[in-house]
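# Structural features, examined
Read off the chains here:
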Amino acid sequence: MLKIAICEEKHDVVASFKECFERYKEEKGVELEVQAFAKGSSFLSKQHKFDVVFMDVELQEESGIDIALKLREENKSMPLVFIAASKRFVINGYTADAVDFLTVPVKYAEVATMLDRLQTRLVKMDVPSVAIMTKEGARRVSVDQITYLDSTLHHVVYHLVDGDVRVRGSLNEEAKKFTEDRFFRLGGTLINLGHVHKVWGNDLYVGRICLPLNRNQKPALVASLLAFMNRG
């Protein structure tokens, strides 16, 4: 299932895209789920639900490029395709790491080619992600960006590669989002095995920190780490 967001306020353009998506679905036998947003702010509040977004660069109340840059503050990996009346409007769009652009009026052949490319890209990116609820709202985070989690005062802290995020809840509940083959529970810390640098003596080096290990914890950790490293 490919979940597509269209951030576009022109009803005729949205209708044209939906027709193309429906035709692609029938011809390719691909499951698609499409939702349109007239405002960028509405899309941003629900962006974690989608795999790709088609974004008009000329939204009336707000710049599509500005919305795209806000998206990149929270989601650096979602494929972004700009919609524009002319190529000249999307030159600045690549600052938001857009994968490409489509001009209107939209043509089915171009949309189909774009969808083929996006599906290939998403398969290559096939890294799981989780949705977390912060005080600012929902946010989707790639599992590969998480180094470890720990808890304090009824909150769980996600320690990410580019900073920390706090969510209200318990570590036990948050741990249910992750698979045992990728994460290891070490007391009050949930370790992403992909970010373990080394196990040296009774110390575990993960992300930017060093955690102490006791004799009972170490064998299970080493076994999990070796299984993770050797998986196909």
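As the structure is a prediction and not an experimental result, all values here were calculated from the model.

Before going further, it helps to spend a moment on the overall build of the protein chain. A tally of regular secondary structure across the protein chain gives six helices and 15 strands. For the protein chain, the C-alpha atoms occupy an extent of roughly 65 × 35 × 30 Å along the three principal directions. For the protein chain, the proportion of its 232 residues judged to be buried stands at 42%. A separation threshold of at least 6 residues defines the contact pool for the protein chain, and within that pool the share at least 24 residues apart is 51%. For the protein chain, the exposed surface amounts to about 12,900 Å²; the carbon and sulfur share of it is 50%. For the protein chain, the separation between the mean place of its 32 positive charges and that of its 32 negative charges on side chains is 6 Å.

On inspection of all chains with the given rule, the structure shows eight aromatic pairs. Look at Phe17 and Phe21: their rings are 5.9 Å apart centre to centre, the planes differ by 45°, and that puts the pair in the tilted class. Residue Phe17 and its partner Phe21 are located together in helix α1 (residues 11-28), separated by four residues, close to a single helical turn. Per residue, the accessibility class of Phe17 equals that of Phe21, and both read buried. Ring-pair connections join several aromatic residues into one group, and the members of that group are Phe17, Phe21 and Phe54. The aromatic ring of Tyr108 is capped on one face by Arg23, whose charged end is 3.9 Å from the ring centroid.

In this structure, the second largest pocket spans a volume of roughly 220 Å³. If you go around the second largest pocket, the residues you meet are Leu44, Ser45, Lys70, Glu73, Glu74, Thr134, Glu136, Gly137, Ala138, Arg139 and Val165. For the lining of the second largest pocket, the secondary structure elements donating two or more residues are α2 (40-46), α3 (64-74) and β7 (137-142). For the lining of the second largest pocket, the per-class residue count stands at three nonpolar, three polar and five charged.

This part takes up the pattern of salt bridges. Evaluation of the coordinates by the stated rule reveals eight salt bridges. A salt bridge links Asp116 to Lys28, with the shortest nitrogen-to-oxygen separation between them at 3.5 Å. In this pair, Asp116 is assigned in helix α4 (residues 108-124) and Lys28 in helix α1, connecting sequence segments 88 residues apart. Since its relative accessible area comes to 42%, Lys28 is described here as partly exposed.

In a regular helix each residue adds 1.5 Å, so 13 residues correspond to 18 Å; helix α6 (residues 218-230) covers 18 Å between its end C-alpha atoms and thus fits that length. Buried within α6 are the following residues: Leu221, Leu225 and Phe228. Here the buried residues of α6 occupy an arc of 65° about the axis, which is enough to place them on one side. Exposed side of α6, more than 90 degrees from the buried face: Pro219 and Asn230 are the residues found there.

In this sheet, strand β15 (residues 209-212) lies alongside strand β14 (residues 203-206) in antiparallel orientation, the contact comprising four bridges. Counterpart to Asp203 in the pairing with β15 is Pro212. Connecting β14 to the antiparallel partner β15 that follows it, the hairpin turn spans two residues, and Gly207 within it adopts a positive phi of roughly 55°.

Looking at the secondary structure, you find Val222 in helix α6. For Val222 and His197, which are 25 residues apart along the polypeptide, the C-alpha to C-alpha distance reads 12 Å.

Taking 1.5 Å as the rise per residue, α1 with 18 residues should run 26 Å; its terminal C-alpha atoms sit 25 Å apart, in good agreement. Among the residues making up α1, those that are buried are Val13, Val14, Phe17, Cys20, Phe21 and Tyr24. Looking straight down α1, one finds that the buried residues subtend no more than 125° of arc, so they occupy a single side. Opposite the packed face of α1, turned more than 90 degrees from it, sit the exposed residues His11, Asp12, Glu19 and Glu26. Looking one or two residues beyond α1, the residue adopting positive phi is Gly29, at roughly 70°.

Definitions and cut-offs
Residues numbered from 1 in each chain as written. Predicted model: local features only at pLDDT ≥ 70, side-chain atom pairs only at ≥ 80, totals over all residues. Heavy atoms only, no water. Helix = DSSP H or I, 4+ residues; strand = E, 2+ residues; numbered from the N terminus. Buried < 20%, exposed > 50% of the residue type's maximum accessible area, 1.4 Å probe, protein only. Contact = heavy atoms within 4.5 Å. Areas by Shrake-Rupley, 256 points an atom, 1.4 Å probe, with all protein chains shown as cover. Lys, Arg positive; Asp, Glu negative; His and termini not counted. Charge placed at Lys NZ, Arg CZ, Asp CG, Glu CD. Phe/Tyr/Trp six-rings, centres within 6.5 Å; stacked < 30°, edge-to-face > 60°. Lys NZ or Arg CZ within 6 Å of the ring centre and 35° of its normal. 1 Å grid on protein atoms, 1.4 Å probe; cavity = no way out; pocket = protein on both sides within 12 Å on 5 of 7 lines; lining within 4 Å. Points joined across faces, edges and corners; volume = space filled by probe spheres on them. Nonpolar A, V, L, I, M, F, W, Y, C, P; charged D, E, K, R; others polar. Salt bridge = Lys/Arg side-chain N within 4 Å of Asp/Glu carboxyl O. Expected span 1.5 Å × (residues − 1). Arc of directions from axis to C-beta. Pairing = 2+ DSSP bridges.

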